[in-house]
Amino acid sequence: MQEKMMGWKCRRCGKVMYPKHERCLGCKGIVFDEVSLGDECNLITYTKLYSLPRGIEISPLTLGIVEFNNKVKALGQITTNKPEPGMKLHPAWGKLRTIDEKEVYGFKFEPITQE
Ligand SMILES: [Zn+2]
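Before going into details, it helps to say that this report is about the structure given with it. (Residues numbered from 1 in each chain as written. Predicted model: local features only at pLDDT ≥ 70, side-chain atom pairs only at ≥ 80, totals over all residues. Heavy atoms only, no water.)

A word on the side chain of Glu 67. Position of Glu 67 among the secondary structure elements: in strand E5 (residues 61-68). A distance of 3.3 Å separates the side chain of Glu 67 from the side chain of Lys 73, its partner in a polar contact. (Helix = DSSP H or I, 4+ residues; strand = E, 2+ residues; numbered from the N terminus. Polar contact = N/O pair within 3.5 Å; in protein donor to acceptor, adjacent residues only side chain to side chain.)

Now the structure itself:
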């Protein structure tokens with residue numbers, strides 16, 4: 001069970017990446033430290049997919065690009081039917097889809113309820 005969403009921070013220039021790349025996108029460095037991306041991110045943009053591969057039970061599926069406080073961007077499933085750019089989300093570990101009867105888990109982004 002994985003709960004925290006982690007990124008990789010370049011030891012040479014400090015750039016944080018998600019997902020991991022072979023070489024730093026900033027300086028081509030190859031040594032990274034794993035760092036937490038944090039519990040909160042902002043929705044930048046999203047799209048709704050109506051034609052989905054087999055094994056995804058949600059339709060339409062909302063995919064969004066989020067940005068964490070450390071400027072790292074990530075792509076993932078958004079768990080609300082009313083996404084709005086700028087809304088606050090938090091990463092949550094859960095089932096994404098089923099492939100050949102195997103369940104695939106990963107991070108989704110859930111809205112943080114505003115008081
Ligand atoms: Zn770097």
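Glancing now at the nonpolar core. Within the largest apolar cluster, 14 residues are counted, with the highest numbers of intra-cluster contacts made by Met 5, Val 66, Phe 68, Leu 89 and Phe 109. Among the secondary structure elements, those contributing two or more residues to this core are strand E4 (41-49), E5, strand E6 (73-78) and strand E8 (102-111). Counting 5 residues, the second-largest nonpolar core is a separate cluster that includes Cys 10, Met 17, Cys 24 and Phe 32. (Core = buried A, V, L, I, M, F, W, Y, C linked by side-chain atoms within 4.5 Å. Buried < 20%, exposed > 50% of the residue type's maximum accessible area, 1.4 Å probe, protein only.)

Adjacent strands of a sheet form backbone hydrogen bonds with each other and so pair up, either parallel or antiparallel. Spatial ordering of the closed barrel is given by E4-E5-E6-E8-E7, a layout of 5 strands whose pairing is mixed. Between one strand and the next, the sheet's axes are offset by a mean angle of 35°, whatever the strand orientation. Pairing of E4 with strand E7 (residues 88-99), which is carried by 2 bridges, proceeds in the antiparallel orientation. Residue pairing for E7: Cys 41 is matched across the bridge by Leu 89. (Pairing = 2+ DSSP bridges. Axes fitted to C-alpha atoms, helices over the stretch in contact; angles between N-to-C directions.)

In this fold, Asp 39 is placed in the loop between strand E3 (32-36) and E4. With 50 residues separating them in the primary sequence, Asp 39 and Leu 89 have C-alpha atoms 8.2 Å apart. In this structure the side chain of Asp 39 is engaged in a polar contact, spanning 3.1 Å, whose partner is the side chain of Lys 4.

As a further point, take the coordination of the zinc ion. Around the zinc ion, the protein supplies Cys 10 (SG), Cys 13 (SG), Cys 24 (SG) and Cys 27 (SG) as donor atoms, at distances of 2.3 to 2.4 Å. For the zinc ion, the 4 donor atoms in the first shell make angles of 101 to 117° at the metal, so the coordination geometry reads as tetrahedral. Taken in sequence order, the residues that donate to the zinc ion follow the motif C-x2-C-x10-C-x2-C. (Donors = N, O, S within 2.8 Å, 3.2 Å for Na, K, Ca; no water. Tetrahedral: all angles 85-135°; square planar, octahedral: opposite > 155°, others 65-115°.)

Turning our attention to the pattern of salt bridges. Under the counting rule described, the total for this entry stands at 5 salt bridges. Here Asp 33 makes a salt bridge to Arg 11, at a shortest N to O gap of 2.8 Å. On the criterion of sequence distance, the pair formed by Asp 33 in strand E3 and Arg 11 in the loop between strand E1 (6-10) and strand E2 (16-17) is long-range, its members being 22 residues apart. We classify Arg 11 as exposed; its relative accessible area is 56%. A salt bridge links Glu 40 to Lys 88; its shortest N-O distance comes to 3.7 Å. Residue Glu 40 is located in the loop between E3 and E4, and its partner Lys 88 is located in strand E7; the two are separated by 48 residues in the primary sequence. Exposure remark for Glu 40: the relative accessible area of 32% places this residue in the partly exposed category. (Salt bridge = Lys/Arg side-chain N within 4 Å of Asp/Glu carboxyl O.)

The values are spatial; any link to function lies outside them.
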